[in-house]
Amino acid sequence: MTLITVENLSVRYGANTVLHHVNMTVEPGEIVTIVGPNGSGKTSLLRAIIGATRPSAGKVTLKSGLKIGYVPQKLHVDPTLPISVERFMHLTNRVSRRNCVEALEAAGVPDLMKRQMSQLSGGQFQRVLLARALINQPDILLLDEATQGLDQRGSAGFYQQIEKVRRETGCAVLMISHELHVVMSASDRVICLNGHVCCEGSPAVVASAPEYRALFGTGTGGALALYRHEHDHHHDHGENSREAAE
Amino acid sequence: MLDDFMTRATLAGVGVAFAAAPLGCFVVWRRMAYFGDATAHAAILGVALSLTFQMSIFTGVLAVALIMALTVTLLAGRGYAMDTLLGVLAHSALAFGLVAVSFLSGVRIDLMAYLFGDILAVSRADLAVIWGGATLVMALIAWRWSQLLTATLNEELAYASGFDPKREQLILTLALAVTVAVAIKVVGVLLIAAMLIIPAAAARSLARSPETMALAAAAIGAFSAVAGLRSAYVFDTPAGPSIVCVAAILFAFFSLIGWQTQRED
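The present account deals with the structure reproduced in this document.

**Digging into the overall build of chain B**
Okay, so step 1: Helix and strand counts for chain B stand at twelve helices and zero strands.
Okay, so step 2: Counting from the amino terminus, chain B carries its helices and strands in the arrangement α-α-α-α-α-α-α-α-α-α-α-α.
Okay, so step 3: Its C-alpha atoms give chain B principal-axis dimensions of about 60 × 45 × 30 Å.
Okay, so step 4: The buried share of chain B, reckoned over its 265 residues, is 52%.
Okay, so step 5: Sequence separation of at least 24 residues holds for 74% of the intrachain contacts in chain B that already meet a minimum separation of 6.

See the structure below:
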């Protein structure tokens, strides 16, 4: 059963229409990536899905009882706010210590429980955000540019973790990214957005679509090559090939 | 027991500290310090209105503080930077309040009592209002604690968790207005923000979780009230400012200890 259905969605801020007539769906277990240039409405689409932005037309339907794990783009912990990783993990849900440990393990940072959030590195911080989103066994993970501020190696590692989580828990993933080459290889489906849905489909289809090329130019030829290279090896030893590709 | 003015004053100070300290933590975490100031300064306008329409001071101040806080919330993000906006509103409200008070011919009012508080003149009825308001604020914050904390950290996270961070902001605004209204008698409009911010800031270096910070802030605030009143009595100094001085000394003390331990780490 479809997890998220977006029908004919338009979002307006004042006179400025940022999204018009967007249609999309997310099915259980799939990884969908939204790519698009700055100002293309990626974040507005995600905000409309979580209910932070009211659509001016159209609607967003979530499967009833859908559990969402949300990984924000940036989370600012003010230096005056003392909060440990453990406390942060059960910010919105009461969870057992074991769940907490498991979620941190799933996100690849098992040893951070007692650390203060303000002492974490950028990469650790993003993984703790991921762990917090996983703690409730969500049906779908939503990630908004979750690797901003990480270097290429860091974000490649982060996306590998996402794939691993999907493999192990079967949860769907909907993410926004500007790191085309890293993200596209990890996706089942790519939606190219620029105020409306320009094109969508498998990464290979989107990468060769003229609409996509018009937006991102020919500079993405390399990304496509990277993607193809990885896809050859993806199913048996995807991890190795990705390291080789770095 | 309540017949003694010092006992009533102490209870009033502790009541205000209990409400102001946990609320002050949010003011500090969300960087709303100036917001507290603006709301407090508007209170003098509330005093003028109360005297004009012969309402209780509490009602007038509460209404104006609430209107002020809501206005700031509404205007936020519409052209002016927040600190400019607050600077304009806070000082205009104070100025209009002072002018309005001067129009009240025939009413002799002691302006100093409202600017710096008049804690030694707290009556039993005042005490009931202060503790009623303080209990309301504490209950509101305890009830919404985890939502307030989530909304403070990240707005989208709040939406994704199924609640509206704007409503949480409104709850803080309401709590702030109530706190200002009950604190005016104790420390006066000019020092209310100090009761919000200083205990919370002093508690920072002692705490490793948001909850302990709020509790430590309440303890520091309450201690400041007791010790401040005592020293005001002994040294014959103004009571409200004495309370704030004790809090400031505690802030300096704990901050120094905090820096010291950080360097040793």
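**Topic: the sheet that holds strand 8 (residues 189–193) of chain A**
Residues and elements named next belong to chain A.
Okay, so step 1: If you walk across this open sheet you meet the six strands as 5-6-7-3-8-9, and the pairing is mixed. Two strands bound the open sheet, and with one partner strand each, they are strand 5 (68–71) and strand 9 (197–201). This sheet shows a mean twist of 15 degrees between the axes of neighbouring strands, independent of strand direction.
Okay, so step 2: Here five bridges tie strand 6 (residues 140–144) to strand 7 (residues 172–176), and the two strands are oriented parallel to one another. The residue of strand 7 that forms the bridge with Ile 140 is Ala 172.
Okay, so step 3: Helix 1 (residues 42–50) contacts strand 3 (31–35), strand 5, strand 6, strand 7 and strand 8 of the sheet and is inclined by roughly 145 degrees relative to strand 6.
Okay, so step 4: Against the sheet, helix 4 (residues 122–134) touches strand 5 and strand 6, its axis set at about 165 degrees to strand 5.

**Description of the nonpolar core**
For soluble globular proteins, nonpolar side chains are generally found buried alongside one another.
Okay, so step 1: If you look at the biggest cluster of nonpolar residues, it comprises 169 residues, and the most contacted ones within it are A:Ile140, A:Leu142, B:Val16, B:Ala43, B:Ala65, B:Val180 and B:Ile192.
Okay, so step 2: Not counting residues up to four positions away in its chain, the partners in contact with A:Leu142 are A:Leu46, A:Ile49, A:Ile50, A:Ile68, A:Tyr70, A:Val71, A:Leu174 and B:Ala160.

**Looking at unusual backbone geometry**
Residue and element names in this part refer to chain B.
Okay, so step 1: A positive phi angle, close to 55 degrees, is found at Arg 31, a residue other than glycine.
Okay, so step 2: Mapped onto the secondary structure, Arg 31 falls in the loop between helix 1 (5–29) and helix 2 (33–53).
Okay, so step 3: Positive phi, normally seen in glycine, also occurs at Asp 236, with a value near 55 degrees.
Okay, so step 4: Structurally, Asp 236 can be placed in the loop between helix 11 (210–235) and helix 12 (239–264).
Okay, so step 5: Classification of Asp 236 as exposed rests on a count of 8 C-beta atoms within 10 Å.

**Considerations on the interface of chain B and chain A**
Okay, so step 1: Contacts between the two partners involve 20 residues from chain B and, on the opposite side, 20 residues from chain A.
Okay, so step 2: For the side of chain B that touches chain A, the secondary structure elements donating two or more residues are helix 1, helix 7 (145–153), helix 8 (155–160) and helix 11 of chain B.
Okay, so step 3: Here the side of chain B that touches chain A gets five residues from one element, more than from any other, and that element is helix 8 of chain B.
Okay, so step 4: Looking at the side of chain B that touches chain A, its residues break down into ten nonpolar, five polar and five charged.

**Focus on the packing of helix 2 of chain B against helix 10 (residues 192–204) of chain B**
All names here are of chain B.
Okay, so step 1: In the contact formed by helix 2 and helix 10, the axes pass within 8 Å of each other and the chain directions differ by 155 degrees. When the interaxial angle is binned, helix 2 and helix 10 end up roughly antiparallel. Relative to helix 10, helix 2 is oriented so that their crossing is right-handed. Side by side, helix 2 and helix 10 meet where Ala 33, Gly 36, Asp 37 and Ala 40 of the first sit next to Ile 192, Ala 193, Leu 196 and Ile 197 of the second.

Cut-offs applied
Residues numbered from 1 in each chain as written. Chains lettered and ligands numbered in written order. Predicted model: local features only at pLDDT ≥ 70, side-chain atom pairs only at ≥ 80, totals over all residues. Helix = DSSP H or I, 4+ residues; strand = E, 2+ residues; numbered from the N terminus. Buried ≥ 20, exposed ≤ 12 C-beta atoms within 10 Å, placed from the backbone. Contact = placed C-beta atoms within 7 Å. Pairing = 2+ DSSP bridges. Axes fitted to C-alpha atoms, helices over the stretch in contact; angles between N-to-C directions. Core = buried A, V, L, I, M, F, W, Y, C linked by C-beta atoms within 7 Å. Nonpolar A, V, L, I, M, F, W, Y, C, P; charged D, E, K, R; others polar. Parallel < 35°, antiparallel > 145°, perpendicular 65-115°, else oblique. Left-handed = near helix turned anticlockwise from the far one by under 90°.

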